[in-house]
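Chain residues, written in single-letter form:
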Amino acid sequence: LNLSLPDPFDVARRLFESDTTLGITGLARSGKTVFVTALIHALLKSGAPRDETPAPLAGLAAWDEERLLGAVVRDDLRVTVPQFPYRKTLATLLGDEPAWPPSTDGIAELHLELHVTPRPGLLRPSRRRVLLTLVDYPGEWLVDLALLDKPFEAWSEEMLGLARQAPRASLAGDWLRFLQGLDLEQPFDAGLAEKAAELYTAYLRRCSEPPRHLSYNLPGRFLRPAALTGSPVLRFCPLPPPRALRGRDAPPAQSLYARFRETYDRYRAEVVRPFYRDHFARLDRQIVLVDVPTALSRGEGAFDDMGATLAAVLENFRYGANGPLAWLLGRRVERLLFVATKADHVAADDRGNLETLTRGLLHRVDRGNVLRTAGTRLGVQALAAVRATEDRRRSDTGRSILVGRRPGDATAIPLEPGLVPARFPPDWGRLDYRFWDFQLPRDPRWRDHGFPAWKLGSALQFLLGEALA
Ligand SMILES: Nc1nc2c(ncn2[C@@H]2O[C@H](COP(=O)(O)OP(=O)(O)OP(=O)(O)O)[C@@H](O)[C@H]2O)c(=O)[nH]1
Ligand SMILES: [Mg+2]
């Protein structure tokens, strides 16, 4: 056995005329699984007759120009990485009683082979095979980038600072009281470490849940451990400086404090870095999904915390080819699309506002325009990957409204979600936007034609147009 054989995937991908890896990320429940499934389904059904709706790829030039001949899933290319569960997810979305897919954890990939003919006039072979790799991974993992240049002491101080302030202070009681009772210089005890990590994780979970819905919950793997569930590398938490550190030298080598610091360092070296090396570094296009409608309906606290988390996420794309972390972050992401999802929850007349508001959010998040000047092409838009509502107009006021089925409703009914403002930040005192968890309708056409979408095609044009030209 020759262990220095080249990676079979790297060999196979060279046989394609073009090869693009698109990362799909976003915070929990932002719509990653639905987006990826709708995209795969649309590509697999791209040859459907054109006189029928929906046409989810409208807006993608290769589809509009009838140059996209078809797509197939390649199961044989990278066989040791979890495959995106598109058959299962599709079956759920298209079932007799359609439902939204369950929450997913961790990273999943899917490889699609697309066949396209070039634009007339281009000197290229008559048909090209394009490899499109989709990589779905939690945005929470990107927030861990911040840990890489923060020693345990500084990171602990930041986390404890947050935990002692509103809105988190009222959720951190159990964990903080436990820390108070700990002698940090006592010899390490595995049981105590486990207990501390458990209480800290429970605190993070309370932050993430209703009614707070906070998203800046570090380290990223504590709430989304995926394959690390139960592993010892997650047994640490932020600690206040022990007495020995205030003034004199380091705490004793085998103390609780020293061992927590060591586990934190191993988390950075053995969890965070390998993710960048093995996955993130392969991406050359990226879409960041942001559930703006839900965040709006949750109010200022949750909205601002999401903004802070997204700022940490976008740090990952700030580094150009020669940036300080380029060696870790890999090749530069050439195109980055920042997207407000679930646009079908917003009245048709307000979807332009949703995009303007999202542009405002991105501007806030990208302090100093570093992102804009990093050399990555940056796009902003709203979209609905799978529309669960239909648009209608009120006959009296002429205002656009939604027709949808809320949980518990027997049928779809006309509903007015209220206005989405264009201005950022929104005027919280006057905001009256409502978010209902619209249930998925059932429509037999979707099986063969893809799901009805809003601006999915134009998002794909930005991300993949050039690869399919
Ligand atoms: N109406 C509508 N709802 C959507 C759309 N996309 C996602 N949703 C809703 O948002 C929920 C979460 O979507 P997912 O795609 O599972 O989100 P995710 O980012 O994969 O979530 P995790 O796996 O938990 O990280 C779904 O259960 C739907 O209720 C959309 O295009 N339209
Ligand atoms: Mg998911």
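Above this note sits the structure.
To start, this report covers the structure provided alongside it.

It is worth spelling out the overall build of the protein at this point. Secondary structure assignment for the protein yields 17 helices and 10 strands. Taken over the C-alpha atoms alone, the protein extends approximately 75 × 70 × 45 Å along its principal axes. With 469 residues in all, the protein has 55% of them scored as buried. A sequence separation of at least 24 residues applies to 77% of the contacts in the protein between residues at least 6 apart. Accessible area for the protein stands at about 20,900 Å²; split by element, carbon and sulfur atoms hold 51% of it.

Surveying the vicinity of ligand 1 reveals 20 residues, the closest of which are Lys32, Val34, Ser103, Thr104 and Asp344. The separation between an oxygen atom of ligand 1 and a polar main-chain atom of Ser30 is 3.2 Å. Within the side chain of Lys32, a nitrogen or oxygen atom sits 2.8 Å from an oxygen atom of ligand 1. Here ligand 1 has 650 Å² of accessible area as a free molecule, and 96% of this is covered by the chains. Here the residues of the shell around ligand 1 are counted per class, giving 8 nonpolar, 6 polar and 6 charged.

This brings us to the sheet that holds strand β9 (residues 400-404). Strand order in the open sheet made by the 3 strands is β8-β9-β10, with antiparallel pairing throughout. Either end of the sheet is taken by a strand with one partner, and the two such strands are β8 (390-393) and β10 (413-415). Put simply, the sheet's adjacent strands are angled 40° from each other on average, direction ignored. Inspection of the sheet shows β8 paired to β9 by 4 bridges, in the antiparallel sense. Within the sheet, the bridge partner assigned to Glu390 lies in β9 and is Val403.

Attention shifts here to the pairing of strand β4 (residues 128-136). In terms of residue burial, β4 counts as a mostly covered element, since 8 of its 9 residues are buried. Bridge count between strand β3 (residues 108-116) and β4: 9 bridges; the pairing is antiparallel. Residue pairing across strands places Glu113 opposite Leu131, the latter belonging to β4.

Turning next to the pattern of salt bridges. According to the stated counting rule, one finds 34 salt bridges in the structure shown. The residue Glu466 makes a salt bridge to Arg285 at a minimum N-O spacing of 3.3 Å. Taken together, the positions of Glu466 in the segment after α17 (456-464) and Arg285 in strand β5 (residues 285-290) put the pair 181 residues apart, joining distant regions of the chain. Judged by relative accessible area, which is 6%, Arg285 ranks as buried. Across the pair Asp391 and Arg387 runs a salt bridge, and its minimum N-O distance is 2.8 Å. Given a relative accessible area of 34%, Asp391 falls into the partly exposed group. Connected through shared salt-bridge partners, Asp350, Arg394, Asp396, Arg399 and Glu416 make up one network.

Glancing now at helix α8 (residues 173-180). Along α8, the residues classified as buried are Trp175, Leu176, Phe178 and Leu179. Angular distribution of buried residues about the axis of α8 spans 160°; they occupy a single face of the element. Opposite the buried face of α8, by more than 90 degrees, sit the exposed residues Arg177 and Gln180. Next to the buried residues of α8 lie α7 (152-163) and α9 (190-208).

Octahedral metal centres with six donors ideally show angles of 90 or 180 degrees, and tetrahedral centres with four donors ideally show 109.5 degrees. Taken together, Thr33 (OG1) and Thr104 (OG1) make up the full set of protein donors to the magnesium ion (ligand 2), lying 2.1 Å away. Taken together, the residues span a long stretch of sequence, with Thr33 in helix α2 (residues 32-44) and Thr104 in the loop between α4 (86-93) and β3 at a distance of 71 residues.

Conventions and cut-offs
- Residues numbered from 1 in each chain as written.
- Chains lettered and ligands numbered in written order.
- Predicted model: local features only at pLDDT ≥ 70, side-chain atom pairs only at ≥ 80, totals over all residues.
- Heavy atoms only, no water.
- Helix = DSSP H or I, 4+ residues; strand = E, 2+ residues; numbered from the N terminus.
- Buried < 20%, exposed > 50% of the residue type's maximum accessible area, 1.4 Å probe, protein only.
- Contact = heavy atoms within 4.5 Å.
- Areas by Shrake-Rupley, 256 points an atom, 1.4 Å probe, with all protein chains shown as cover.
- Near = heavy atom within 4 Å.
- Polar contact = N/O pair within 3.5 Å; in protein donor to acceptor, adjacent residues only side chain to side chain.
- Nonpolar A, V, L, I, M, F, W, Y, C, P; charged D, E, K, R; others polar.
- Pairing = 2+ DSSP bridges.
- Axes fitted to C-alpha atoms, helices over the stretch in contact; angles between N-to-C directions.
- Salt bridge = Lys/Arg side-chain N within 4 Å of Asp/Glu carboxyl O.
- Arc of directions from axis to C-beta.
- Donors = N, O, S within 2.8 Å, 3.2 Å for Na, K, Ca; no water.

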